[in-house]
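Commentary on secondary and tertiary structure
One-letter residues, chain by chain:
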Amino acid sequence: MIKRVLVLLMVVQFTGCAELQKIASQLPNGAGGVLTQEQIGNGLRQALDNGIQNQVTKLTSKDGFYRNELVKILLPKELQSVDKGLRKIGLGNLADEGIKVLNRAAEDAVKTATPIFVDAVKEITFNDAKNILLGEQNAATSYLKTKTNDKLYQSFRPVINSSFSKVGADKIWSNLITKYNAIPFTKNVNPDLTSYVTEQALQGVFTMIEVEEKGIREKVGLRNTALLQKVFALQDNR
């Protein structure tokens, strides 16, 4: 009896693997043919390229972060008291400028992201593409995050540190924190703004790529090539 059960399990497992391979290599394209593994991979690369081109590029422009409520960099918790304290003594304009220059530094740093993303997109395998296509709404974004997060951090941090000088953030924040620390009965602060802005810039980049991915998955009109239409039709019909 046990032997028969084991044989049955092996048959089911083999059949399942064979069926999976069949689906993987011959997914219907909705037009009477099949999509090859290469076409599926290229379709996912196009989708990611769209996200990089349409969304990440926007972040590099002036106010790309500052005027975008989805990714605007606000003050960390430990500095919110600084913001409130300065506004109470009539230095609201200085507080606003402090926030603006943090976003300027992030906009500057994101310019280094595109080559890193391009390399990651080129590395997509068929299995990656299949998992992305049939995965969660943010599966492509999650793939990029896994592949690029560490490299992006290493790329962003020195640029942000340099940008603080270029956009005047170092002087503004030195002045801002000095004035705040001089307020009686306040606890002195000395934040690591470079690390904070680097993390926020990374989060903003992936947020905007996810926006593009969700659009392509949900709105047929955003699938702006024949290949994108065919590949994402598979997702629609699963």
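1. Quick look at the overall build of the chain
Counting its regular elements, the chain contains 10 helices and 2 strands. Mapped in sequence order, the helices and strands of the chain form the string α-β-β-α-α-α-α-α-α-α-α-α. Taken across its 238 residues, the chain has 44% of its residues classed as buried. Summing over all exposed atoms, the chain offers an accessible surface of approximately 13,400 Å²; the carbon and sulfur share of this is 54%.

2. Describing the side chain of Asn103
Inspection of the secondary structure puts Asn103 in helix α4 (residues 92–109). The class for Asn103 is buried, based on a relative accessible area of 0%. Side-chain polar atoms of Asn103 contact the backbone nitrogen of Ile73, separated by 2.8 Å. Among all residues touching Asn103, those that are not within four sequence positions of it are Phe65, Tyr66, Lys72 and Ile73.

3. Thoughts on the nonpolar core
The biggest cluster of nonpolar side chains holds 65 residues, and the ones touching the most others in it are Phe117, Leu144, Phe156 and Trp173. Among the elements that make up this core, the one with the highest residue count is helix α9 (residues 193–218) (10 residues). In this structure Trp173 touches Leu75, Leu79, Gly98, Ile99, Val101, Leu102 and Leu193, once residues within four positions along its chain are discounted.

4. Here's the deal with the environment of Gln37
Considering the arrangement of structural elements, one finds Gln37 in helix α2 (residues 37–59). C-alpha separation for the pair Gln37 and Ala129, spaced 92 residues apart in sequence, amounts to 8.8 Å.

5. Describing unusual backbone geometry
Within the chain, Asp63 stands out as a residue other than glycine whose phi angle is a positive 70°. Within the fold, Asp63 resides in the loop between α2 and α3 (77–88). Given a relative accessible area of 22%, Asp63 falls into the partly exposed group.

6. Section: the packing of aromatic side chains
Counted by the stated rule, this structure contains 1 aromatic pair. Sitting over the ring of Tyr66, Lys72 keeps its end group 4.6 Å from the ring centre.

7. Observations concerning the packing of α4 against helix α8 (residues 169–181)
One way to put it is that α4 packs onto α8 with a least axis distance of 9 Å and a crossing angle of 140°. The way α4 lies across α8 gives a crossing that is left-handed. In this structure, α4 uses Leu94, Ala95, Glu97, Gly98, Ile99, Val101 and Leu102 to contact α8, whose residues at the interface are Ala169, Ile172, Trp173, Asn175, Leu176 and Lys179. Looking at the contact of α4 with α8, its residues break down into 9 nonpolar, 2 polar and 2 charged.

8. Some points on α8
The end-to-end C-alpha distance of α8, which contains 13 residues, comes to 18 Å, matching closely the 18 Å that a straight helix rising 1.5 Å per residue would cover. Within α8, burial applies to Ala169, Ile172, Trp173, Leu176, Ile177 and Tyr180. Along the long axis of α8, the arc covered by the buried residues comes to 120°, so they all point the same way.

9. Digging into the pattern of salt bridges
Tallied over the full model, the rule gives 6 salt bridges. Between Arg104 and Asp63 there is a salt bridge, with the nearest N and O atoms lying 2.9 Å from each other. One end of the pair, Arg104, is in helix α4; the other, Asp63, is in the loop between α2 and α3, and 41 residues separate them in sequence. For Arg104, a relative accessible area of 16% puts it in the buried group. One salt bridge in this structure joins Asp108 and Lys111, with 3.6 Å as the shortest N-O distance.

10. Quick notes on the packing of α3 against α4
The axes of two packed helices give the description: the angle between them and the distance between them. Remark: α3 packs on α4, axes separated minimally by 7 Å, with the N-to-C direction vectors making an angle of 150°. Looking at the two axes, α3 sits roughly antiparallel to α4. Contact residues: Asp83, Leu86 and Arg87 in α3; Gly92, Ala95, Asp96 and Ile99 in α4. The class makeup of the residues in the contact of α3 with α4 is 3 nonpolar, 1 polar and 3 charged.

Conventions we followed
Residues numbered from 1 in each chain as written. Predicted model: local features only at pLDDT ≥ 70, side-chain atom pairs only at ≥ 80, totals over all residues. Heavy atoms only, no water. Helix = DSSP H or I, 4+ residues; strand = E, 2+ residues; numbered from the N terminus. Buried < 20%, exposed > 50% of the residue type's maximum accessible area, 1.4 Å probe, protein only. Areas by Shrake-Rupley, 256 points an atom, 1.4 Å probe, with all protein chains shown as cover. Polar contact = N/O pair within 3.5 Å; in protein donor to acceptor, adjacent residues only side chain to side chain. Contact = heavy atoms within 4.5 Å. Core = buried A, V, L, I, M, F, W, Y, C linked by side-chain atoms within 4.5 Å. Phe/Tyr/Trp six-rings, centres within 6.5 Å; stacked < 30°, edge-to-face > 60°. Lys NZ or Arg CZ within 6 Å of the ring centre and 35° of its normal. Axes fitted to C-alpha atoms, helices over the stretch in contact; angles between N-to-C directions. Left-handed = near helix turned anticlockwise from the far one by under 90°. Nonpolar A, V, L, I, M, F, W, Y, C, P; charged D, E, K, R; others polar. Expected span 1.5 Å × (residues − 1). Arc of directions from axis to C-beta. Salt bridge = Lys/Arg side-chain N within 4 Å of Asp/Glu carboxyl O. Parallel < 35°, antiparallel > 145°, perpendicular 65-115°, else oblique.

These figures capture arrangement, not role.
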